[in-house]
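What follows is each chain in one-letter form.
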Amino acid sequence: MYVEVSNMLFSRNLYMYGAFSLVQLLMFVTAPVLPVSFGWENGPIENAQVILLIGGAVLALRYRDAAPTKNQKIFWLIIAPLWFVMAVRELSWGAVFYTPLSFDIELGPQFSSSQQLWYKPAVAPVLASLALALVCAFFYSKQYRTVIKLFKQSNLPITELIIFAVLMISAAAAEGHMGLHLGMDKGNSQIYEEAVELLAYGALLFAQFRVMKGLAHTSSEKAI
């Protein structure tokens, strides 16, 4: 078991760790030379994040339509809302569609969901209710069996999730959280933060592809 887990996390996936590390390094090097507008709210990088997240949700729903079993259809119905929630979060729950409260020459337009959205108090309860519903659906449909099957196939996306977590910590550091500072101007630091978040969402998309591959393999085995 130890050897199997080690292979899943490291030896089989060194290329992925290396590829994401190189892209992250490239983002760190290029962030100081890019126009600060690249990191603004509603800027090109954040818009790319939203497109990627909505794309992930659409793919999950397409996998759901193509799934051969009811159990797999439920699985993808659990996954799809997670993508949509992340996309709406990047849109500040809709605040970015309002007139900015202020404008900073480096950080760009400033929005505040708590000040601009009349429905903001309902966001947390709705998210909590959604989370509870998804957790109940996960256990009611016995999706933990799906997780075990993916693990046995080496298609459980542990590597991608580790990369996602590391990148999100890097993005938090770029924002100055955890007492860390990257030594960049705040505008360039915001570019790096948004770029790393985009890369992290890309890791989640790779994770979804791996899960889809595993579930397709499971279905083919049953067909045989």
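About the cut-offs
- Residues numbered from 1 in each chain as written.
- Predicted model: local features only at pLDDT ≥ 70, side-chain atom pairs only at ≥ 80, totals over all residues.
- Heavy atoms only, no water.
- Helix = DSSP H or I, 4+ residues; strand = E, 2+ residues; numbered from the N terminus.
- Contact = heavy atoms within 4.5 Å.
- Areas by Shrake-Rupley, 256 points an atom, 1.4 Å probe, with all protein chains shown as cover.
- Axes fitted to C-alpha atoms, helices over the stretch in contact; angles between N-to-C directions.
- Parallel < 35°, antiparallel > 145°, perpendicular 65-115°, else oblique.
- Left-handed = near helix turned anticlockwise from the far one by under 90°.
- Nonpolar A, V, L, I, M, F, W, Y, C, P; charged D, E, K, R; others polar.
- Buried < 20%, exposed > 50% of the residue type's maximum accessible area, 1.4 Å probe, protein only.
- Salt bridge = Lys/Arg side-chain N within 4 Å of Asp/Glu carboxyl O.
- Patch = residues over 30% accessible without salt bridge, like charges linked within 9 Å, V, L, I, M, F, W, Y side chains within 5 Å.
- pLDDT = per-residue confidence, 0-100.
- Phe/Tyr/Trp six-rings, centres within 6.5 Å; stacked < 30°, edge-to-face > 60°.

Colleague: Describe the overall build of the chain, listing the residues and the values that go with them.
Modeller: Assigned secondary structure in the chain consists of nine helices and two strands. Tracing the chain from N to C terminus, the helices and strands come up as α-α-α-α-β-β-α-α-α-α-α. Sequence-distant contacts, at least 24 apart, represent 74% of the contacts inside the chain between residues at least 6 apart. Accessible surface, the chain: about 12,400 Å² in total, of which carbon and sulfur atoms supply 70%.

Colleague: Break down the packing of helix α3 (residues 44–66) against helix α4 (residues 70–90) for me, citing the residues and quoting the values.
Modeller: When two helices pack together, their arrangement is given by the angle between the helix axes and by the axis-to-axis distance. α4 packs onto α3 with a crossing angle of 165° between their chain directions and a minimal axis gap of 8 Å. In terms of axis orientation, α3 runs roughly antiparallel to α4. The element α3 and its partner α4 pack so that their crossing is left-handed. Class assignment for the residues of the contact of α3 with α4 results in 16 nonpolar, two polar and five charged.

Colleague: Describe the side chain of glutamine 143, listing the residues and the values that go with them.
Modeller: By secondary structure assignment, the location of glutamine 143 is in the loop between α6 (120–140) and α7 (144–152). Its relative accessible area of 0% is what places glutamine 143 among the buried residues.

Colleague: Which residues make up the packing of helix α2 (residues 14–30) against helix α8 (residues 158–174), and what are the values?
Modeller: Close contact between α2 and α8 brings their axes to 11 Å; oriented N to C, the two are set at 20°. Classified by the angle between their axes, α2 and α8 sit roughly parallel to one another. Along this stretch, α2 crosses α8, giving a crossing that reads as right-handed. Across the interface between the two elements, Met16, Tyr17, Phe20 and Gln24 of α2 pack against Thr159, Glu160, Ile162, Ile163, Leu167 and Ser170 of α8. Residues belonging to the contact of α2 with α8 are distributed by class as follows: six nonpolar, three polar and one charged.

Colleague: So what's going on with the pattern of salt bridges? Residues and values would help.
Modeller: Scanning the entire structure with this criterion turns up three salt bridges. A salt bridge links glutamate 90 to arginine 89, with the shortest nitrogen-to-oxygen separation between them at 2.9 Å. Arginine 210 is the salt-bridge partner of glutamate 160, the closest N and O atoms lying 3.3 Å from each other. One end of the pair, glutamate 160, is in helix α8; the other, arginine 210, is in helix α9 (residues 186–223), with 50 residues separating them in the sequence. As far as burial versus exposure is concerned, glutamate 160 and arginine 210 are alike and both buried.

Colleague: Please provide a residue-by-residue account of a nonpolar patch on the surface, values included.
Modeller: Judged by side-chain polarity, Ile54, Val58, Leu61, Leu77 and Phe84 come together as a nonpolar surface patch covering roughly 370 Å² of accessible area. Elements with a minimum of two residues in the nonpolar patch: α3 and α4. In terms of residues, the nonpolar patch owes the most to one element, α3, which gives three residues. Residue classification places leucine 77 among the partly exposed residues on the basis of a relative accessible area of 41%.

Colleague: Mind laying out the side chain of serine 92, listing which residues take part and the relevant values?
Modeller: Relative to the helices and strands, serine 92 resides in the loop between α4 and β1 (102–104). Residues in contact with serine 92, not counting those within four places in the same chain, are Glu41, Ser113 and Leu117.

Colleague: How would you explain the confidence of the model for the chain if you had to name every residue and give the values?
Modeller: Across the chain, pLDDT averages 88, with 88% of residues at or above 70. Per-element mean pLDDT across the chain ranges from 49 in helix α1 (residues 2–11) up to 97 in α6.

Colleague: Let's hear about the packing of aromatic side chains: which residues, and what values?
Modeller: With the rule as written, the count across this model stands at eight aromatic pairs. Centre to centre, the rings of phenylalanine 75 and tryptophan 76 are 5.1 Å apart; their planes meet at 85°, and the pair counts as edge-to-face. Judged by relative accessible area, which is 9%, phenylalanine 75 ranks as buried. On the accessibility criterion, tryptophan 76 (3% relative accessible area) is buried. On the numbers, 5.2 Å between centres and 80° between planes, the contact of phenylalanine 138 with phenylalanine 139 is edge-to-face. The exposure class of phenylalanine 138 is partly exposed, given its relative accessible area of 22%. Under the relative-accessibility criterion, phenylalanine 139 is labelled exposed at 52%. An aromatic cluster is present here, built from Tyr63, Phe75 and Trp76 joined pairwise through their rings.

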